[in-house]
Amino acid sequence: MPKRADLKSVLVIGSGPIVIGQAAEFDYSGTQALRVLKEEGLRVILVNSNPATIMTDPEFADATYVEPITPEVVEKIIAKERPDALLPTLGGQTALNTAIALDKNGVLAKYNVELIGANIAAIELGEDREKFKGVVERCGAESARSHIIHSIGEGLIAAADLGYPMVVRPSFTMGGLGSGLAYDEKDLRRIVGQGLQYSPTTEVLLEESILGWKEYELEMMRDKNDNVVVVCSIENFDPVGVHTGDSITVAPAMTLTDREYQRLRDISIAVIREVGVDTGGCNIQFAIEPDTGRVVVIEMNPRVSRSSALASKATGFAIAKIATKLSLGYTLDEIPNDITLKTPASFEPALDYVVVKVPRFAFEKFPAADPTLTTTMKSVGEAMAIGRNFTEALQKALRSLEQKGASLDFSSVNSPDVPDLIEAARRPTTDRLAQVQRALLGGGTVEQLFEATGIDPWYLDQLQLLNEISAEIKASAALEPAMLRRAKRHGFSDEQIGALTHNSEDVVRGVRQALGIRPVYKTVDTCAAEFAAYTPYHYSSYDEEDEVALHAKPSVIILGSGPNRIGQGIEFDYSCVHASMALRAAGHETVMINCNPETVSTDYDVSTRLYFEPLTLEDVLEVIAAEERTGGVLGVFVQLGGQTPLKLAQALADSGVPILGTSPEAIDLAEHRGMFSRVLDAAGLIAPKNGTAVSFEDAKKIADEIGYPVLVRPSYVLGGRGMEIVYDEPNLSRYIKNATEITQNHPVLIDRFLEDAIEIDVDALYDGTEMYLGGIMEHIEEAGIHSGDSACVLPPLTLGTDVCDRVRAATLAIAEGVGVRGLINIQFALASDVLYVLEANPRASRTVPFVSKATGVQMAKAAALIGTGVSIDHLRTVHHLLPETGDGGTLPAGAPVAVKEAVLPFNRFRTPEGTVVDSLLGPEMRSTGEVMGIDKHFDTAFAKSQAAANNALPTSGKVFVSVANRDKRAIIMAVKRLVDLGFEILSTGGTADVLRRNGITATTVRKVAEGSSAEGEGTITDLINNGDVDMIFNTPSGGQARGDGYEIRAAAISNGRPCITTVAEFNVAVLAIEAMRTYEWDVTSLQEHAATLRAAVHA
Amino acid sequence: MTDPEQSTSATAALLILEDGRTFRGTSYGATGTALGEAVFATGMTGYQETITDPSYARQLVVQTAPHIGNTGVNDDDAESRRIWVAGYIVRDAARRPSNWRSERSLDDELVAQGIVGIQGVDTRAITRHLRERGAMRAGIFSGTAAQQSEAELLAQVCSSAAMEGAQLAEEVSVDQPYVVEPSDHGWDGEPRFTVAALDLGIKAMTPQRFAERGIRVHVLPAATTFAQLESIRADGVFMSNGPGDPATADGQVALLRQVLDARVPFFGICFGNQILGRALGFGTYKLRYGHRGINQPVMDRRTGKVEITSQNHGFAVDAPRDGAGLAPQERFGRVEVSHVSLNDDVVEGLSCLDIPAFSVQYHPEAAAGPHDSAYLFDRFIDLMAADAAGAPISGAAVDHATATAAAISETPAISETPVNPETSAQKRDKN
C-alpha cells in the first residue's frame, strides 16, 4: 500500500534549544524526516527556534519558522500555512507536548489538521504513569509494585508488602519535591511524614525499589499493518538508579539468554499494541532483578527519542526516516533497507560488533552541584564507539570523550585503598567506572564489586580482562608483536601502551606500524554481513579483513567535533555538515570522522564515507592512512569542528597530512598570546592590558599594574573554563590558591577587565585577498559574561557606522595578519569608544549557524570551498554561495533583526542539600544551547527569543526588583516604565527605598534573612514559591555568590520564572514587554525574511 | 578465571575452508579435528539453542555475534539431548558466564561433549567469504591435529563428505518413540488432539509448543512406517526440521504421500516443508549460503503481514510463486506458496488448497528466535478440529486469529476454497 494521497502538506515541530535530555539527536531525526517529506513531494512546514540546526536550513523545508515553539505561536503558523497534517513525534517531548496542547485547545480540529505518526490517546496511555501501569498489567507483564497512602499508618502496612528500601513520591509536588528513598522504618516515618505535608492532596506513593536491577531498553517500530520489529536492544552497564542518558550503555544486550530476550520482545510488542502507537518508533525500558530474572516494565516513550538516535547509529537502521515514511502510510515491507538496497526495512538488525555509549558530564562548570548520578539526567553529551568486542568499544568510547582522566588508568593501586574505592563506588558518580576498574586492579573481586554496584559480573570481568592485559603490557620486555596485537584487540591506545611501557605515544605508534599492526575498517551493515552493504559506514577494529573500497577521487576529510559539551555543541556539527554538503556538491568525495551519535554529521548519508571513530591523533591518523591507501587524500579540514580538531592540526601537519584552509602555523599565531599581540601591534590594534603569572606574587604584581578588576584564567584551558573576574587582592589570592595549580608550565593569564564595555562578536571569511564579513553581533550583556551565555543581536543595535567600520578594518587586518583561509571569529570590546581585541579564533565559531540563519548566507559552506582554493569572488559570482555584492556588515535598513539567546541548565543541578545551583552568569560558559528570535523589530525579536528559551516575559503582574548598589541608578527608568504599564513592583530594603525616592511605589517584601513575620507574612522566596511573582530581577552584589540573592534566584529557577541578573538585559526586557503589549506577534518564515532582505538590498 | 585467549590450555587452532582460505585462532572447547560444512548464523542471542539444534548436524557454525558464552549454559534451554554442531567458530568467547540461570560455562560444555571449536578469528571475514563463495566444506584443527601441514589439512577437508546428497535425518532422530504430554507443559484439561511427530531432527520446543496448547505428541523415529503411524491413531501428522539434503529423503516423501492420500491433517516445519514440497512433486535445491538467523522477514501472503522468523535452512523448495496452481502430483489438488522470504523471495511456506496440509520453511517454535509465528500451531489445531468435525477442509481454508481485520482489508479478498465433492468423499475413515 503506497503512501497516502490525501496529504499535501505537513507541519513538523522541532525540539527547540539544546537542553540536557533533549539535544542534537532531534536535529538528526528531524532532518531525516524533512528529507523524506520533501522526497515524497509534500509541502513541508517546520517550526524550530534553534538556529544551530541543520533542519532549519531553508532548503530542507518549504517554510521554515524559527519561532518560539509554544502552542500560541504554532497556532499562528497553522492559521497561516493551513497544513493537512502535523507530525509531532520527531521533535522530542517539546513537540509532543505542543501537539497535545494544540489538540486539547481545539486548534487542530478548528483548522482540520490531522496528527500523523501518533494519536493523543496513545501518547496519554504511554506517558501517564497510572494509565501505563494498567497497560502493562493488561499485557500480562509487571510494573514496580506500589501503594498510594494517606497516613503513616497506611505507609507501615504498605511497607510490610513492599519491603525496604522503597521509593517515596508525594503526589502533585513540583520537580520531585519531597521524594526520597526509605531504607528503614525511621526513614519511612520521616520522609512520608514530610511528603504528606508537601502533597496538596496529603497523598504519597510508595513504590518497591528496583535500584540495582539490570536495565534494558528495546527500540521498536510499528507500521499501520501492525508489523512490529525490534530495531535494537540496549543494555545499561549501570544498573537501575542512573538515568539511561547518564549510563554507559551497550548494544546489543550482552547478558540475556534468548528466552529472556524474547520475553522482553513479547512484552514490548504487546505494550506497543495495547498503547496503540499507530505508526513509528517507540522505546520501552525494563528492569530485571539479577537473582531471579523478574521483569518489570519501567516506562515507554511513544516517539523517536535520544536512544532511537543511538539505536540508528548503532545498527544502521534509520529510525526517524522510516518512522516518517510509516506516518505517510507506507508499511515496513514497502521501505527498502538503505544499506543493503535489496532487503526491506521489515526486519531486525543483526550486529556483529559491540556498541558502547558513554556520557559526557559538565560538573566542573557547576562546582556547587552534587555529582551523584540519579534518575534526573545531567550529562550534556555523549560519545559512541564501535568495536568487535566490548573492551575495544569501551576503550574507544572513553577516549572519544576527550576528557582528562576519562580513559582507564592502569597505574598501580595500593591494596589498602581498595576498600575505599569499593565504598565510593556504591554511590554512582561520574567516577564510578574508574573506581570499579581500579578497585579490581588493586585486588578487589568481581563479587565484591557486584555487591557494591550491581554492575553485571560479565562487565566486571571485562574490566578485569583489561586490567590483566595492562599487567601483561607492563611485564613485557619490549614492544613485542604478540603483546601489541593483544592490547590493540582490546582497545588500548598507543598512548596507554606508551604510559605502561615508559615509551612515548609516537614510539609505540612507530613500532606498531613497523610491525604491520594496523586497524582494519569494518562496515555497519544492519545484517552481520549476511548481505552486501552499499553504504560505507565504517569503524575500526584490530581484526583481519579490511572493507574500505577503492575510491576514484582523493578524499576531503572533515574532522567532526566529538561529544557535545558546554562550549562545543551542535553549532560545530552544523559547520561540518555544511562543509560536507558543499564539497560534495562541488564534486569532492568527503569523509567524515566523528564519534557523536546525536549528530547529523554521523548520519551515514551526509558524507561519501563515514568513519565512526574517536577524534584522537592515533585514530585520525589511521583513518587518513586507510583513505590514503584506497585512493589518496586531498586534505583534512580541522577548522570546522571546534577545538577538538583544531588541537590536532599541528600534529597532523607534522605527520605530513595536508591541512585544508587556515594553516597550523596561522592557527598557532592566533592562539599564542605573544605571537598574537605582535599581529595586533602590526595592525595598530590593542588588547586589554594583560600579563602572564607563574606565581601569586607575579599575579599580584601584574594585577596591581593593570588595576582591578582583572579577568583571570588558567592558560591551558579554553572555552572560559576556570575564568573569573577578580575585584580585589584577597579574591586574587583565593583564586590562585583554589582554582589553579599555578606552575611555570601552567601559568595564569591576567587581563584588565573592561567594566561596562559592549562586547562585539564577528564572524568573517577570508581567502587571502578578499574578506566577507558574515555579521557583526552586539552582545546585550556587558563584557565579562561569556559570549556563549550572552544574548546578542544582529545587525548591531547601538553601534554607529564608524564603530562598524573600525570593526571591519580590524577584522580584515587580523585575518590578514594571522593568514586565515576560511572562517575567523573575533571578539571585541568597546569601552569608552576604544575598540579592544579580546580574542581571535581562526575557525568556525559557535555563532556561525546564527549568523548564517540571520543573514541567509551559509558561511560554513563557503569556508569549505575556500579551503579547497575557491576565492570569495568565485563564491559570489560562480557558486552563488555568497551574495554578489555587499556582506553581513552592510545589511540594509529593512533587514530583519535576529536575537540569539542562550539556554541554561541550572534547574538540572542540585546542591547536596537539594536546592538548585546558582544561576548567575559569568565569564565561564554554562549554557547548553541557544535560540533565535527574528522579527522586523528588535523588541519583538527579543521577546520571541525569551519565549523560545522557556523564559517567556510576563505582560502583566508582579515584578520583584532587587539590585546591587552599583546598579541602582541604572534601573529607575525601566522600573518606572513597568509601573506605567501596570505592573506591581515588589522590592526589599535598599532597592525599595531608592525606588520610593524616585517616586515609584514598590511593595516592600520580607528578605529571606528576615524570615516569616509573626502574622505569617512570607519572605520573597515564599512569594516566588507560591507563584505570586511573575518576573525576578536581581543583580548580585559584588563577588558574594551566597546569601539572599542566591535564594531568590534559586526559587525563580525552581519555579520556572524569568530571572534577569543584569541591568542590560532588564532594560531590553522592559522594551520587549512593552512591544508584547502593543503588537500582535507575526510569524515569518526564513524564506520570507530572505525575500524581504533581497528586496531591501535591491531597493 | 583464565582468559581462553591466553590460558595455557588454549592452543593454536586453524580453520581451513575447502577453497584454501585459512584463518588462525586459538582452540575453543575440545581440541582435535572437526570437519563439516561451514555456515554462518546471525542470531545475537540463543547460542545454546543453536548448538543443540539437530539441523546443524555435520556443520561448522560461525557465530556472527562476537561475544559468545556470556550467559553460560543451563539445563532448560537445550533444544535436544546433545550438541549437534560439528564444530564451533566464535570471535570472543566469554571468560566468565553471568546469568541467574547459568549452570556452567559454554567452554566446559563443549569440552565435555567433545566439540572442537576455534576462537579469536575474524568471523566477519569468514561470513563475507561464505556469503560470496557459498557455504562450503571446512575443517577446524587444533592440538596435535593442527601440527600437520596446511596442505595435508586442506586435503582432509576436501575429502570430507559434502552436504549436498547427505542423508542425515536418521542419524539425528530418536531410536525409540516417546510421548510429550500436555500436562507436563501447563495444560490443565484433557488433551485436545494427538499428533504423530516424525523426528527428523526435531527441536524440543516443537512438541512443547503443541503440548502447551493441549496436544499430546508422539515423537517417532525418522524411519517410522505408515502402518506404525496409523497405529497411533493420531489426529494429525507433523514432520520436523532436520539436517541434510531433502533430495535424499525418499522414505519420508513416500510416507507423507500416504498420509496425504489418507487426508490426515499435516503440518511440516523446515525439513518437513521440503518433504511436503517433494511429496507434492516439487524439487528442492541448495541455497548458496542459506538462511540462518532469528531476524528473517517472511510475508504471509494471505494476510500481507510480516513475521520476523527464526530460520535455519540451506535448502529450499522450488515452487512457483505466482499464485495457486495444481501440484505436479495432481492427485493432491492445488497448492500455493503461502509464505515468502522478503529478503530473497525464497519459498518459506506451502499450503494445499484441496487437502489438509501445510508447512513452513522457518521455525515457528522459535528457539532461539521471535514468537511472531506461533499462530501456525493454532492453525494446525484448527485444521485438526475442522477435520474432527467433518468439515470440508484444506491446508489453507482455516481461519486463524492473526488474520487481523486491518491486514485483510489491505490484501485482496481470499477466494473461498471450492469444495471438491470427490475429496470430501475420500475423507479418511477415522477407524
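Residues numbered from 1 in each chain as written. Chains lettered and ligands numbered in written order. Predicted model: local features only at pLDDT ≥ 70, side-chain atom pairs only at ≥ 80, totals over all residues.

Draft legend 1. Spotlight on the overall build of chain A. On a plain count of helices and strands, chain A comes out with 38 helices and 39 strands. Taken over the C-alpha atoms alone, chain A extends approximately 75 × 75 × 70 Å along its principal axes. Within chain A, the proportion of its 1099 residues that are buried is 59%. Nonlocal contacts in chain A, meaning residues at least 24 apart in sequence, comprise 70% of its contacts between residues at least 6 apart. (Helix = DSSP H or I, 4+ residues; strand = E, 2+ residues; numbered from the N terminus. Buried ≥ 20, exposed ≤ 12 C-beta atoms within 10 Å, placed from the backbone. Contact = placed C-beta atoms within 7 Å.)

Draft legend 2. Highlighting the UniProt feature "binding site: Mn(2+) 3" (unreviewed entry) in chain A. Residues and elements named next belong to chain A. Summarizing the sequence annotation, UniProt attributes the feature "binding site: Mn(2+) 3" (unreviewed entry) to Gln827 and Glu839 in the numbering used throughout. By secondary structure assignment, the location of Gln827 is in strand E31 (residues 822-831). Looking at Gln827, the number of C-beta atoms within 10 Å reads 20, which means it is buried. Excluding anything up to four places from it in sequence, Gln827 contacts Glu759, Asp761, Ser787, Leu838 and Glu839. (UniProt positions renumbered as here; feature names shortened; annotations may be inferred.)

Draft legend 3. Examining the sheet that holds strand E17 (residues 520-523) of chain A more closely. All names here are of chain A. Ordered by their spatial adjacency, seven strands build an open sheet running E17-E18-E21-E20-E19-E22-E23, and the pairing between neighbours is mixed. What marks the edges here is a single partner per strand, and that holds for E17 and strand E23 (659-660). As paired strands, strand E19 (residues 555-559) and strand E20 (residues 589-594) are joined by five bridges and run parallel to one another. Following the sheet pairing, Ile558 is matched in E20 by Met592. (Pairing = 2+ DSSP bridges.)

Draft legend 4. Structural context of helix H12 (residues 390-400) of chain A. Residue and element names in this part refer to chain A. Across the eleven residues that make up H12, a large majority, eleven, are buried. Of all the positions in H12, only Phe390, Thr391, Glu392, Ala393, Leu394, Gln395, Lys396, Ala397, Leu398, Arg399 and Ser400 are classed as buried. The positive-phi residue at the C-terminal boundary of H12 is Glu402, with phi of around 50 degrees.

Draft legend 5. Here's a closer look at the UniProt feature "binding site: L-glutamine" (unreviewed entry) in chain B. All names here are of chain B. Per the UniProt record, "binding site: L-glutamine" (unreviewed entry) is found at Ser55, Gly242, Gly244, Phe271, Gln274, Asn312, Gly314 and Phe315. Maximum C-alpha separation among the annotated residues is 13.3 Å over a sequence range of 261 residues, consistent with a single clustered spot. C-beta crowding within 10 Å serves as the criterion here: with 33 such atoms nearby, Gln274 is assigned to the buried category. Within the element layout of this structure, Asn312 appears in strand E16 (residues 305-318). Apart from the residues within four sequence positions on either side, Asn312 is in contact with Asp53, Ser55, Arg292 and His363.

Draft legend 6. Representation of the UniProt feature "binding site: Mg(2+) 3" (unreviewed entry) in chain A in the model. Residue and element names in this part refer to chain A. With numbering aligned to this structure, UniProt lists the feature "binding site: Mg(2+) 3" (unreviewed entry) at Gln827 and Glu839. Here Glu839 lies in strand E32 (residues 834-841). Accessibility expressed as a C-beta count within 10 Å gives 16 for Glu839, which makes it partly exposed.

Draft legend 7. Layout of the domain arrangement of chain B. Residues and elements named next belong to chain B. When cut into domains, chain B gives domain 1 (12-159) and domain 2 (169-425). Distance from the C-alpha centre of domain 1 to the C-alpha centre of domain 2: 30 Å. The partner domain 2 presents 22 residues to the 23 residues of domain 1 that form the contact. When residues of the side of domain 1 that touches domain 2 are traced back to their parent elements, those giving at least two are strand E3 (33-41), helix H1 (47-51) and helix H3 (123-133). Broken down by element, the residue count for the side of domain 1 that touches domain 2 peaks at three residues, all from E3. For the side of domain 1 that touches domain 2, the class distribution of residues is ten nonpolar, eight polar and five charged. (Domains from an automatic or database assignment. Nonpolar A, V, L, I, M, F, W, Y, C, P; charged D, E, K, R; others polar.)

Draft legend 8. Representation of the UniProt feature "active site" (unreviewed entry) in chain B within the structure. All names here are of chain B. UniProt's entry tags Cys270, His363 and Glu365 with the feature "active site" (unreviewed entry), counted in the numbering of this structure. A maximum C-alpha distance of 11.0 Å among these annotated residues, which run over 96 residues, shows that they cluster at one spot. By the secondary structure assignment, Cys270 is in the loop between strand E14 (266-269) and helix H9 (271-279). What Cys270 contacts, discounting residues up to four positions off in sequence, is Ser55, Asn241, His313, Gln361 and His363. If near-sequence neighbours (up to four positions away) are discounted, Glu365 is found in contact with Lys203, Met205, Thr206 and Arg209.

Draft legend 9. Fine view of the sheet that holds strand E30 (residues 792-794) of chain A. All names here are of chain A. Spatial ordering of the open sheet is given by E32-E31-E28-E29-E30-E33-E34, a layout of seven strands whose pairing is antiparallel. The sheet is open, and its two borders are formed by E32 and strand E34 (929-935), each paired with just one other strand. Between one strand axis and the next, the sheet turns by 25 degrees as a mean value, whatever way the strands run. Strand direction decides the pairing type here: E30 and strand E33 (residues 897-903), joined by three bridges, are antiparallel. Directly across from Cys792, in E33, lies its bridge partner Lys900. (Axes fitted to C-alpha atoms, helices over the stretch in contact; angles between N-to-C directions.)

Draft legend 10. Up close: the environment of Phe315 of chain B. All names here are of chain B. You can see Phe315 is positioned in strand E16. For the pair formed by Phe315 and Asp122, sequence separation is 193 residues and the distance between their alpha carbons is 26 Å. Not counting residues up to four positions away in its chain, the partners in contact with Phe315 are Asp245, Pro246, Gln274, Thr284, Tyr285, Lys286 and Leu287.

Draft legend 11. Summary view of the interface of chain B and chain A. On the chain A side, the residues contacting the 47 residues of chain B number 48 residues. The leading source of residues in the side of chain B that touches chain A is H3 of chain B, at six residues. Class assignment of the residues belonging to the side of chain B that touches chain A gives a composition of 16 nonpolar, 17 polar and 14 charged.

Draft legend 12. Structural detail: the packing of helix H7 (residues 152-162) of chain A against helix H8 (residues 185-198) of chain A. Residues and elements named next belong to chain A. Direction vectors running N to C along H7 and H8 enclose 135 degrees, while the axes themselves pass 10 Å from each other. One finds that H7 runs oblique with respect to H8. Two packed elements cross with a definite hand, and for H7 against H8 that hand is right-handed. Residues Ile152, Gly155 and Ala159 of H7 touch H8, and the partners they reach there are Leu188, Arg189, Val192 and Gly193. (Parallel < 35°, antiparallel > 145°, perpendicular 65-115°, else oblique. Left-handed = near helix turned anticlockwise from the far one by under 90°.)

Draft legend 13. Structural detail: the pairing of strand E1 (residues 9-13) of chain A. Residues and elements named next belong to chain A. With four of its five residues buried, E1 lies for the most part within the structure. Sheet topology places E1 next to strand E2 (residues 43-47); five bridges connect them, and they run parallel. Note on E2: the bridge partner recorded for Val12 is Leu46. In the classification by handedness, the crossover that spans E1, the intervening helix H1 (residues 25-39) and the parallel E2 is right-handed. Across three bridges, E1 lies against strand E4 (residues 85-87) in parallel orientation. Each residue of the ladder has a partner; that of Leu11, found in E4, is Leu86. (Right-handed = clockwise from strand over helix to strand, strands pointing away.)

Draft legend 14. Spotlight on the nonpolar core. In this structure, Val356, Leu449 and Leu765 of chain A together with Ile89 of chain B are the most contacted members of the largest nonpolar core, which totals 466 residues. Here this core spans two domains, and each of domain 1 (12-159) and domain 2 (169-425) of chain B adds at least three residues to it. When sequence neighbours within four positions are dropped, the list of residues in contact with Leu449 of chain A reads Ile422, Ala425, Val436, Ala439, Leu440, Gly444, Ile455 and Leu460 of chain A. If you look at the next biggest cluster of nonpolar residues, it comprises twelve residues, including Met166, Ile191, Val192 and Val204 of chain A. (Core = buried A, V, L, I, M, F, W, Y, C linked by C-beta atoms within 7 Å.)

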